[in-house]
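Structural overview
Listed here are the chains, written in short residue letters.
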Amino acid sequence: MFDSGLGGLSVLREIRKREPHEKLLYLADHAHCPYGTRTLVEVRSFAMQITRWLCAEGAKLIAIACNTASAAALHTLRETYPDTPFVGMEPAVKTAVGSTITGTVGVLATEATIKGKLFSNLLDRFADDATVLTQACPGLVELVEKENYDPRQARALIKRYAQPLLDLGADTLVLGCTHYSFLKTEFQDIAGPNIAIIDPAPAVADQVTRVLTDKSLRSKIKLEENPNLIMVCTTDSNQAGRLSRQAKSLLGESVQLQVVKLK
Ligand code: DGL
């Protein structure tokens, strides 16, 4: 699995619940974080490098736990590695359009995700029956990456980005960036109990489970309580200590940590 930083751990947490016997190798590309303000071409080249590394490490399935990297590279990666199953992410527009009552939904994502072709295709396919409002959220990823962020600052940013969508009648907010999943409670508090907040992490984990089953990829060895099951890596050695502490607190268990230099 990979993401620009720790956001994709929200997906890892869900996969871990469903697949407790699988080894999970997670790469946080801190050297290039955030992805959301970069060009899709740049993000694609990072995703290619990371995938090369994951394949060399023996990955049997790759979950792109990042909407931005999926927007930039999913198609190319599938073409380049036809024998490796990829599970990508896209904002949950279909689910939101299927459940909105007001007919207006809001999608919060990175600038790059909103600009990508994957997203415009999604709108073409599913947004005919609803108004889909989009909002980029600069600063939110950087905030979630901080070890001790100020909750007031988080709430102020969320209010700034979510309120205009709510004012326009959105009754459903889609969290279109894996980092935002860690702020789901704050989004819900600010939006109020009548607004549905869609976090894609469980659905992506369900898809991983489906692919493991369909392709008979599930591990045959039962590795109960194996402390070495989760390996979390970063491309920036300066972030290793922080990532190890954050991963432990976000996942509720210890992980192994490694610094990786990509070529
Ligand atoms: N968490 C990622 C996503 O889902 C990337 C965010 C970023 O690095 O800007 O899009």
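Structural notes, computed from the coordinates. Counting of residues starts from 1 at the beginning of each chain's written sequence and follows it residue by residue. Under the rules for a predicted model, residues below a pLDDT of 70 receive no local features and side-chain atom pairs below 80 are neither given nor counted, while totals for whole chains, interfaces and linings still include all residues. Computation of side-chain values: all heavy atoms of the structure, hydrogens and water removed.

1. Comments concerning the environment of Lys23
The line we're drawing: In DSSP terms, a helix is any run of H or I states spanning at least four residues, a strand is any run of E spanning at least two, and both are numbered starting from the N terminus.
Locating Lys23 in the fold gives a position in the loop between α1 (9–18) and β2 (24–28). Separated by 206 residues in sequence, Lys23 and Leu229 place their C-alpha atoms 4.7 Å apart.

2. So, unusual backbone geometry
Residues Cys33 and Pro34 are joined by a peptide bond in cis, for which omega reads 0°. Residues other than glycine seldom take positive phi values, yet Ser216 does so here, at roughly 50°. The topology assignment puts Ser216 in the loop between α10 (201–214) and β9 (230–234).

3. Quick look at the site of the ligand
Using the following cut-off: If a single non-hydrogen atom of a residue is within 4 Å of a molecule or strand, that residue counts as near it. Pairing of N or O atoms within 3.5 Å defines a polar contact, subject to two protein rules: one partner must be a possible hydrogen donor and the other a possible acceptor, and residues neighboring in sequence count only if both atoms are side-chain atoms. Here, Shrake-Rupley sampling with a 1.4 Å probe gives the accessible areas, and only protein chains in the shown set may cover a residue. Gly is put with the polar residues, along with every residue not named as nonpolar or charged; the nonpolar set is Ala, Val, Leu, Ile, Met, Phe, Trp, Tyr, Cys and Pro, and the charged set is Asp, Glu, Lys and Arg.
What surrounds the ligand is a group of 13 residues, the closest being Ser4, Tyr35, Gly36, Thr68 and His179. In this structure, Gly36 approaches the ligand through a main-chain N or O atom, which is 2.7 Å from an oxygen atom. When isolated, the ligand has an accessible area of 300 Å², and the protein chains bury 99% of it. Residues that form the shell around the ligand fall into these classes: five nonpolar, seven polar and one charged.

4. What about the sheet that holds strand β6 (residues 131–136)?
Applicable threshold: Paired strands are those between which DSSP finds at least two bridges. Helix axes are fitted to C-alpha atoms over the stretch in contact, other axes to C-alpha atoms as well, and angles between N-to-C directions run from 0 to 180 degrees.
Sheet architecture is open: four strands sit in the order β6-β5-β7-β8, paired in parallel fashion. The strands lining the two open edges of the sheet, one partner per strand, are β6 and β8 (196–198). Adjacent strand axes in the sheet meet at a mean angle of 20°, parallel and antiparallel pairs treated alike. Strand direction decides the pairing type here: strand β5 (residues 104–109) and strand β7 (residues 172–175), joined by four bridges, are parallel. Residue pairing across strands places Gly106 opposite Leu173, the latter belonging to β7.

5. Some words on the packing of aromatic side chains
Put simply, the rule is: When the centres of two rings from Phe, Tyr and Trp lie within 6.5 Å, Trp using its six-membered ring, the rings pair. Their planes under 30 degrees apart give stacked, over 60 give edge-to-face, and anything left gives tilted. Buried residues are those whose accessible area, probed at 1.4 Å on protein chains only, stays under 20% of the maximum for their type, while exposed residues exceed 50% and partly exposed ones sit between those limits.
Applying the stated criterion across every chain, the model contains three aromatic pairs. When the ring of Tyr35 is compared with that of Phe46, the centres are 5.7 Å apart and the planes differ by 25°; the resulting orientation is stacked. One end of the pair, Tyr35, is in the loop between β2 and α2 (40–56); the other, Phe46, is in helix α2, with 11 residues separating them in the sequence. Using a relative accessible area of 2% as the deciding quantity, one classes Tyr35 as buried. By relative accessible area, Phe46 is classed as buried at 8%. Aromatic side chains Tyr180 and Phe187 sit 6.4 Å apart centroid to centroid with 35° between the ring planes, which places their arrangement in the tilted category. For the pair shown, Tyr180 and Phe187 are each scored as buried.

6. Some thoughts on the environment of Asp206
Its place among the elements puts Asp206 in helix α10. A C-alpha to C-alpha distance of 7.9 Å links Asp206 and Arg18, two positions 188 residues apart in sequence.

7. Some points on the side chain of Asp236
Just so we agree on the cut-off: Working convention for charge: Lys and Arg count positive, Asp and Glu count negative, and His plus the chain ends are omitted. Put simply, a salt bridge is a Lys or Arg side-chain nitrogen that is within 4 Å of an Asp or Glu carboxyl oxygen. Residues count as neighbours in contact if any of their non-hydrogen atoms are within 4.5 Å of one another.
Within the secondary structure, Asp236 is located in the loop between β9 and α11 (240–251). Buried within the structure, Asp236 lacks any salt-bridge partner; Lys261 is the closest side chain of opposite charge, at an N-O distance of 6.1 Å. In this structure, Asp236 is in contact with His30, Ala31 and Val259, ignoring residues within four places of it in sequence.

8. So, the packing of α1 against α11
Put simply, the rule reads: For classification purposes, an angle smaller than 35 degrees is called roughly parallel, one larger than 145 roughly antiparallel, one from 65 to 115 roughly perpendicular, and anything else oblique. Crossing chirality is assigned from the near helix's rotation relative to the far helix, an anticlockwise turn below a right angle marking it left-handed and a clockwise turn marking it right-handed.
Contact geometry for α1 and α11: axes closest at 10 Å, N-to-C directions at 45°. Judged on the interaxial angle alone, α11 and α1 are oblique. α11 is crossed by α1, and the crossing has right-handed handedness. On α11, the residues touching Leu9, Leu12 and Arg13 of α1 are Leu243, Ala247, Leu250 and Leu251. When its residues are assigned to classes, the contact of α1 with α11 shows six nonpolar, no polar and one charged.

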